[in-house]
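Listed here are the chains, written in short residue letters.
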Amino acid sequence: MSQSVERALGILPLLAKGPAGLGDVADELGVHKSTALRLLRTLNEGGFVYRCPDGRYRLGARLFALAAEAIENLDVREVARPHLAELNHATGHTVHLALHQDDEVVYVDKVDSRYPVRMYSRIGRPVPLTVAAVAKLLLADLPEGELRSLAHRIEYPRYTARSTPDAEAFLRELDLVREQGWATDLGGHEESINCLGAPVRGPGGRVVAALSVSAPGVVVPAEGLLELLPQVLRTAGAISQDYSGVQEKETA
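Residues numbered from 1 in each chain as written. Predicted model: local features only at pLDDT ≥ 70, side-chain atom pairs only at ≥ 80, totals over all residues. Heavy atoms only, no water.

J.: Help me get a handle on the sheet that holds strand 4 (residues 104-111), residues and values and all.
T.: With antiparallel pairing, five strands are arranged side by side in an open sheet as 4-3-7-6-5. In this open sheet, the two edge strands, each paired with only one partner strand, are strand 4 and strand 5 (183-186). Strand after strand, the sheet turns through a mean of 25 degrees between neighbouring axes, direction not considered. Bridge count between strand 6 (residues 193-201) and strand 7 (residues 207-216): nine bridges; the pairing is antiparallel. Bridge assignment links glycine 197 to a residue of strand 7, and that residue is serine 212. In the packing of helix 6 (residues 133-140) onto the sheet, contacts are made with strand 3 (94-101), strand 4, strand 5, strand 6 and strand 7, and the angle to strand 7 comes to roughly 160 degrees. On top of the sheet, helix 10 (residues 229-244) reaches strand 6 and strand 7; it is set at about 30 degrees to strand 6, its chief contact. (Pairing = 2+ DSSP bridges. Helix = DSSP H or I, 4+ residues; strand = E, 2+ residues; numbered from the N terminus. Axes fitted to C-alpha atoms, helices over the stretch in contact; angles between N-to-C directions. Contact = heavy atoms within 4.5 Å.)

J.: Describe the pairing of strand 3, with residues and values.
T.: Burial of strand 3 is extensive: six of the eight residues sit out of reach of the surface. Pairing geometry for strand 3 and strand 7, over five bridges, is antiparallel. Looking at the pairing, alanine 98 lines up with alanine 210 of strand 7. Relative to strand 4, strand 3 runs antiparallel, the two sharing seven bridges. Each bridged residue has a counterpart across the sheet, and for histidine 100 the counterpart in strand 4 is valine 105. (Buried < 20%, exposed > 50% of the residue type's maximum accessible area, 1.4 Å probe, protein only.)

J.: Go over the side chain of serine 163 with me, naming the residues and quoting the values.
T.: For serine 163, the location among the structural elements is in the loop between helix 7 (144-153) and helix 8 (167-180). Polar contacts involving the side chain of serine 163 include one to the main-chain amide nitrogen of threonine 160, which spans 2.9 Å. Polar contacts involving the side chain of serine 163 include one to the main-chain carbonyl oxygen of glycine 188, which spans 2.6 Å. Leave out the neighbours within four places in its chain, and serine 163 touches Val131, Pro157, Arg158 and Gly188. (Polar contact = N/O pair within 3.5 Å; in protein donor to acceptor, adjacent residues only side chain to side chain.)

J.: Give me the nonpolar core: which residues, what numbers.
T.: One finds Val105, Val127, Val134, Leu139 and Phe170 to be the most contacted residues of the largest nonpolar core, which totals 29 residues. For this core, the secondary-structure elements that each account for two or more residues are strand 4, helix 6, helix 7, helix 8, strand 6 and strand 7. With seven residues, helix 6 is the largest single contributor of residues to this core. Other than its neighbours up to four places away in sequence, valine 105 contacts Ala98, Leu99, His100, Arg125, Pro126, Val127, Leu129, Val134, Ala135 and Leu138. Among the nonpolar cores identified, the runner-up in size contains 25 residues, and Val76, Val111, Leu211 and Val232 belong to it. (Core = buried A, V, L, I, M, F, W, Y, C linked by side-chain atoms within 4.5 Å.)

The structure is reproduced here in structure tokens:
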């Protein structure tokens, strides 16, 4: 039975590339056509594959419905929470998780610093779009047209001398964030506060959330915070893996 399940599951990645015939499925699985047909009929009856009028097979509507329902009911905060706590325990600094909602980026979870001098923030509070590390990560993943439209309609407050001055500078910075895969706010919102962030990706590879580590300069200088980059990226990667449900292959 487990072999049949394994073979049936092996059909789905093939059909994800496009419709395939019975012979293609049999070749992919390395089985006789009769075996492939039996598996396809079972999947077809369950709505997981659909038999086209030309005799080929494609993925069925029920598979898409289940995927959409699973994503809708999956709370990234719940998945991320233990990883945020672990990162906070390892670094001692404030850790945030943020989501993009309409034209706002909002903190949805937070683990406070253990140091007496810390960054002030609140869950549910929007962050400054043009300077916050988490905002840069979430906005950098938007489609180009949507991003440019947003960049040219928002305001650019000069919180500090390091704040992003205008739309063109903002777009250049987001290009860099997209290329390097992480972001910073080094005194752009508050002179004394530095933040380092990384993206959390969903099943399709799109950025679904962003996490950051924040600390006052009197606790750790910007250079010291940047030394935490490998750890921050590992944490974001672990959350992405758990959220996407992708299991790492075991090595011999």
